[in-house]
Amino acid sequence: AFGGFASRFPRKLAESVLEDVPSALFVAFNFSGTPGSSSGCPFFSKTVSREVSDARVVLRFLYESGRLPIDSPVHIVGLSTGAIIAALLRGAERKMTVTCIAGLVDVEAGLRYDFDDQQLRAFDEQGSCLKEFWLPANSPSNPPTEEDASVSPSLPPDSAEQGEKWRKEYLRLSAAYRQDFLELDIAAAVSRRCGCP
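Residues numbered from 1 in each chain as written. Predicted model: local features only at pLDDT ≥ 70, side-chain atom pairs only at ≥ 80, totals over all residues. Heavy atoms only, no water.

Topic: the side chain of Ser-128
Note the following rule: In this description a helix means any DSSP run of H or I spanning at least four residues, a strand means any run of E spanning at least two, and both kinds are numbered starting from the N terminus. We define a polar contact as two N or O atoms separated by no more than 3.5 Å, with the added condition that, inside protein, one atom must be a possible hydrogen donor and the other a possible acceptor, whereas residues neighbouring each other in sequence contribute only through side-chain atom pairs. Two residues form a contact once any of their heavy atoms are found within 4.5 Å.
Position of Ser-128 among the secondary structure elements: in strand S3 (residues 128–136). Here the side chain of Ser-128 touches Arg-172 through a polar contact of 3.0 Å, side chain to side chain. Leave out the neighbours within four places in its chain, and Ser-128 touches Phe-44, Ala-122, Phe-123, Arg-172, Leu-173, Ser-174 and Ala-175.

Topic: the packing of aromatic side chains
For clarity, the threshold we go by: Stacked, tilted and edge-to-face are the three classes applied to pairs of Phe, Tyr and Trp rings, where Trp contributes its six-membered ring and a pair requires centres within 6.5 Å; stacked means planes under 30 degrees apart, edge-to-face means over 60, and tilted covers the rest. Think of it in three bands: residues with accessible area under 20% of the maximum for their type are buried, residues over 50% are exposed, and the middle band is partly exposed, with areas taken using a 1.4 Å probe on protein chains only.
Counted according to the given criterion, the structure contains six aromatic pairs. The interplanar angle of 85 degrees and the centroid separation of 6.1 Å between the aromatic rings of Phe-5 and Phe-26 together place this pair among those described as edge-to-face. Here Phe-5 is found in the segment before helix H1 (8–20), whereas its partner Phe-26 is found in the loop between H1 and helix H2 (48–64), with 21 residues between them in sequence. The partly exposed category is assigned to Phe-5, whose relative accessible area is 34%.

Looking at helix H3 (residues 81–89)
Of all nine residues making up H3, eight are buried, and the element is well covered by its neighbours. Of all the residues in H3, the buried ones are Gly-82, Ala-83, Ile-84, Ile-85, Ala-86, Ala-87, Leu-88 and Leu-89. On its buried face, H3 sits against H2, strand S1 (74–79), strand S2 (96–101), helix H7 (175–182) and helix H8 (186–191). Positive backbone phi, approximately 85 degrees, marks Gly-91, located one or two places after H3.

Right, here's the structure in full:
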């Protein structure tokens, strides 16, 4: 095992999977640009397409390192943006299946779930926006933030269980994220036939 889980969902999923299938290989990771995993790609430059590429690189590493035998079935579980990534990966491997939780198909509508009018205007006018992101308080791996002094620190729903203090911070995100997101063809990914078992 390497590292720990940053949130409850992957931790509980790992517990459940490994209880039912002790020989399973369970992998959870941060995408490029995610705070704490941003040495090769700052948060500013992250895109969903890059995250799909990251997932493909992880799969390739698992195969090439021998940790995952070539003929092993692979199941990808994605939550929210992870569900979009899982959908886009559907059919990428012959024995791959996916579970998408709280995903979406309509990227135009989806953009409005994650970005308010002020952020969308900032994309147009400034080429970037400030995006809220929950970060562990005082973590040395946190990227530089652009704090809004009018916002007081608060806790996300599952932070009390983990005994950690989280802060809502603001990170600058390039308008390239929006452009990339709007070019995703999630509808085609979920409707195409694939050789999945």
